[in-house]
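For reference, the chains in residue letters:
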Amino acid sequence: MSTTEIFLLALLIIFVVPYLVWRLGRTEYFAPLVIVQIIMGVVLGPGVLGAAFPDYHRFVFNPDVVKTLNGIAQWGVMLFVMLAGIELDLKKAWTYRRESATTAGLALGTPLLFGCAAAALLMAYPGWMGAKAAAWQFTLGTGMACAVTALPILVLLMQKLDILRLPMGQRILRYGSLDDVAIWGVLALILLDWERIGRQLGFLAAFAVLTFVFRRLMARLGWSDRWYAALIWLIACSFGADWAGLHFMVGAFLAGVVMDADWFEQEHLDTLFHNVLLALMPVFFLSTGLRTKWDLGGYAVFFAAGLLLFASVAGKLLGAHVAGRILKWKDGEASIIGWLLQTKGLIEIIFANILLDKQIITNETFTALLLMAVGSTMLTVPVVHPKLHRARCLGLVNQASS
């Protein structure tokens, strides 16, 4: 078979298998299609399919096919991260700055501390810290992976739960938005390369100047031209960030966060978001799954995943409950908000991919983080749904923030 035919066969597997599992298994309640695709990416990787059928795996996912899939995956994730940046509404967060800062700070800081403690425990054993990582980079990177809130997946889950446009849903979006900004800021700090600090400072200075020019230009363009200009801006920022050593996904996020959502029609933004999830992100999930390894043994990886999952969930819930006490929330609100904010999904996987690319974590740590992200996201709807039902009966969900 030619490389093109094998590539198309790989695409067929990527799109058919997760869809059939999701549709025939009726997993929507506890595992939406996006989660099934992530799980199937792991199953199709070397840790499962590759171990069971090594010859078949090497034939389908040969180096030429993997390179092509990685190119599609990189473009898809750049678009996804840009759209996540556009969705951030920092103006609302500023309007409710005391409540937003208190909740976001505690919901990020507490799991960060828990995750750093888990990382310190893992560092006591060989095989978890990457070859190019300093101890502080591994600790902070792993801790922040436990603190991540996946804003785009959070939006999808709140749509499913019918609370996205309600006051509580808008509050949770504000908290998640602030956490997203902090997460990418910390990532930039972790990736600082003192040998290339001149490049990185130069990129940030150029980005600040060009952002001013870009925003003035976008305000004068028609909406159809804005889309083309936005894609050029995305590619330029991603290239500049990667050239400076900050990783192209940091540039993609910065490209999106300086754009205003009202420059584009909301319907078109939503359509692009769903189309990227439909057509491109499944390839990213597969390319992510191809990185999963179990060289330290399955039990060790699952232990690490369980430890990180505990740090993530317990940290988020504790942080939300402390915020609820300070801000005098109604009974039950803190639990709902904490469980929704602990959703990891794609952003945590993207974050972990960057740490792996920069050799701050090993393949085994990446696998543990990937399993943690899947477990965290699968827990959200089954746990939150009955809590929301009780809250609706008490009239809490429709109440606005005080």
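None of these values were measured; they are calculated from a predicted model. (Residues numbered from 1 in each chain as written. Predicted model: local features only at pLDDT ≥ 70, side-chain atom pairs only at ≥ 80, totals over all residues. Heavy atoms only, no water.)

Enquirer: When you look at the overall build of the protein in this model, what are you seeing that I'm missing?
Expert: Check the secondary structure of the protein and you find 19 helices and zero strands. For 402 residues, the compact-globule estimate of 2.2 N^0.38 gives 21 Å, and the C-alpha radius of gyration of the protein, at 21 Å, lies within 12% of that figure. Seen along its three principal axes, the alpha-carbon backbone of the protein occupies a region of about 60 × 50 × 45 Å. Counting over 402 residues, the protein shows a buried share of 55%. Pairs at least 24 apart in sequence give 83% of the contacts found in the protein among residues at least 6 apart. When the accessible area of the protein is evaluated, it comes to approximately 17500 Å², of which 66% is carbon and sulfur surface. Charge centroids of the protein, computed over 30 positive and 25 negative side chains, lie 7 Å from each other. (Helix = DSSP H or I, 4+ residues; strand = E, 2+ residues; numbered from the N terminus. Rg over C-alpha atoms; globule rule 2.2 N^0.38 Å. Buried < 20%, exposed > 50% of the residue type's maximum accessible area, 1.4 Å probe, protein only. Contact = heavy atoms within 4.5 Å. Areas by Shrake-Rupley, 256 points an atom, 1.4 Å probe, with all protein chains shown as cover. Lys, Arg positive; Asp, Glu negative; His and termini not counted. Charge placed at Lys NZ, Arg CZ, Asp CG, Glu CD.)

Enquirer: I would appreciate a short explanation of the packing of helix α7 (residues 97-123) against helix α8 (residues 135-147) in the present structure.
Expert: As a packed pair, α7 and α8 sit with axes 7 Å apart at the nearest point and diverge in direction by 130°. Judged by the angle between their axes, α7 and α8 are oblique. Every pair of crossing elements has a handedness; the one defined by α7 and α8 is right-handed. Each of Leu108, Pro111, Leu112, Gly115, Cys116, Ala119, Leu122 and Met123 in α7 lies in contact with α8, whose residues at this interface are Ala135, Phe138, Thr139, Leu140, Thr142, Gly143, Met144, Cys146 and Ala147. Classifying every residue of the contact of α7 with α8 gives 13 nonpolar, four polar and no charged. (Axes fitted to C-alpha atoms, helices over the stretch in contact; angles between N-to-C directions. Parallel < 35°, antiparallel > 145°, perpendicular 65-115°, else oblique. Left-handed = near helix turned anticlockwise from the far one by under 90°. Nonpolar A, V, L, I, M, F, W, Y, C, P; charged D, E, K, R; others polar.)

Enquirer: It is not clear to me how the packing of aromatic side chains should be interpreted in this structure. Could you clarify?
Expert: Each aromatic ring pair is specified by the distance between its two centres and by the angle formed by the two planes. Applying the stated criterion across every chain, the model contains nine aromatic pairs. Connected via pairs of aromatic rings, a cluster forms that spans Phe203, Phe207, Phe214, Trp233 and Trp263. (Phe/Tyr/Trp six-rings, centres within 6.5 Å; stacked < 30°, edge-to-face > 60°.)

Enquirer: Quick question: what am I supposed to make of the side chain of aspartate 260 here?
Expert: Along the chain, the position of aspartate 260 falls in the loop between α13 (248-257) and α14 (266-279). In this structure, aspartate 260 is in contact with Ile86 and Arg215, ignoring residues within four places of it in sequence.

Enquirer: What is the right way to read the environment of serine 100 from this model?
Expert: With respect to the element layout, serine 100 can be found in helix α7. Serine 100 sits 223 residues away from alanine 323 along the chain, and the two C-alpha atoms are 9.8 Å apart.

Enquirer: How should I be thinking about the confidence of the model for the protein in this particular structure?
Expert: Atomic detail in the predicted coordinates should be set aside for any region of low pLDDT. Taken residue by residue, the protein gives an average pLDDT of 84. The fraction at 70 or more is 93%. In the model of the protein, helix α6 (residues 90-95) stands out as the element of lowest mean pLDDT, 70, in contrast to α8, which has the highest, 92. (pLDDT = per-residue confidence, 0-100.)

Enquirer: Would you take a moment to explain unusual backbone geometry for this structure?
Expert: Both trends apply: most residues other than glycine have a negative phi, and most peptide bonds are in trans. If you check the backbone angles, arginine 26 has positive phi at about 50° while not being a glycine. Locating arginine 26 in the fold gives a position in the loop between α1 (3-25) and α2 (33-43). Positive phi outside glycine occurs at lysine 328, with the angle close to 60°. Among the structural elements, lysine 328 can be located in the loop between α16 (298-327) and α17 (333-341).

Enquirer: In this structure, what is going on with helix α11 (residues 197-220)? I would like to understand it.
Expert: Residues lying three or four places apart along an α-helix face the same way, a consequence of the helix completing one turn every 3.6 residues. Here α11 spans 35 Å end to end across 24 residues, near enough to the 34 Å set by a 1.5 Å rise per residue. Of the positions making up α11, those classed as buried are Gln200, Phe203, Phe207, Thr211, Phe214 and Met218. On its buried face, α11 is in contact with α12 (223-244) and α13. (Expected span 1.5 Å × (residues − 1).)

Enquirer: Sorry, what's going on with the packing of helix α5 (residues 63-87) against α14 here?
Expert: Axis angle and axis distance: for two packed helices, these are the angle between their axes and the distance between the axes, and together they describe the pair. At a minimum axis separation of 10 Å, α5 and α14 run at an interaxial angle of 145°. Considering the relative orientation of α5 and α14, their crossing is left-handed. Taking contact as the criterion, the partners of Gly76, Leu79, Phe80, Leu83, Ile86 and Glu87 in α5 are, on α14, Gln266, Leu269, Asp270, Leu272, Phe273, Val276 and Leu277.

Enquirer: How should I be thinking about α1 in this particular structure?
Expert: In this model, α1 (23 residues) spans 33 Å end to end at C-alpha, consistent with the 33 Å of a helix rising 1.5 Å per residue. Residues of α1 that are buried include every one of Ile6, Phe7, Ala10, Leu11, Ile13, Ile14, Pro18 and Trp22, and no others.

Enquirer: Would you explain a nonpolar patch on the surface in this entry?
Expert: Residues Leu12, Val16, Val17, Tyr19, Leu20, Val21 and Leu24 make up a contiguous nonpolar surface patch of about 600 Å² in total accessible area. Looking at the secondary structure, you find valine 21 in helix α1. (Patch = residues over 30% accessible without salt bridge, like charges linked within 9 Å, V, L, I, M, F, W, Y side chains within 5 Å. Salt bridge = Lys/Arg side-chain N within 4 Å of Asp/Glu carboxyl O.)

Enquirer: How should I be thinking about the environment of alanine 391 in this particular structure?
Expert: Assignment of secondary structure puts alanine 391 in helix α19 (residues 363-394). Sequence separation of alanine 391 and cysteine 116 is 275 residues, and the distance between their C-alpha atoms is 33 Å.

Enquirer: Just to check I follow, could you spell out the nonpolar core for this structure?
Expert: Across soluble globular proteins, you tend to see nonpolar side chains buried next to one another. Leu69, Trp184, Met259, Phe264, Leu340 and Ile350 are the most contacted members of the largest nonpolar core, which has 140 residues in total. For this core, the leading source of residues is α5, giving twelve residues. Among residues more than four places away in sequence, those in contact with phenylalanine 264 are Ile86, Met218, Arg226, Trp227, Ala230, Met259 and Leu269. (Core = buried A, V, L, I, M, F, W, Y, C linked by side-chain atoms within 4.5 Å.)

Enquirer: How should the pattern of salt bridges be read in this particular structure?
Expert: As enumerated under the stated definition, the model contains four salt bridges in all. The salt bridge partner of aspartate 55 is arginine 58, with a shortest N-O separation of 2.5 Å. Remark: arginine 58 and aspartate 55 occur in helix α4 (residues 54-60); sequence separation between them is three residues, near one turn of the helix. Side by side, aspartate 55 and arginine 58 carry an identical accessibility label, which is exposed. Note that arginine 171 is salt-bridged to glutamate 333, the shortest N-O span being 2.9 Å. Of this pair, arginine 171 sits in helix α10 (residues 167-190) while glutamate 333 sits in helix α17, placing them 162 residues apart in sequence. Bridged by salt links that share partners, the residues Glu99, Arg171 and Glu333 form one connected network.

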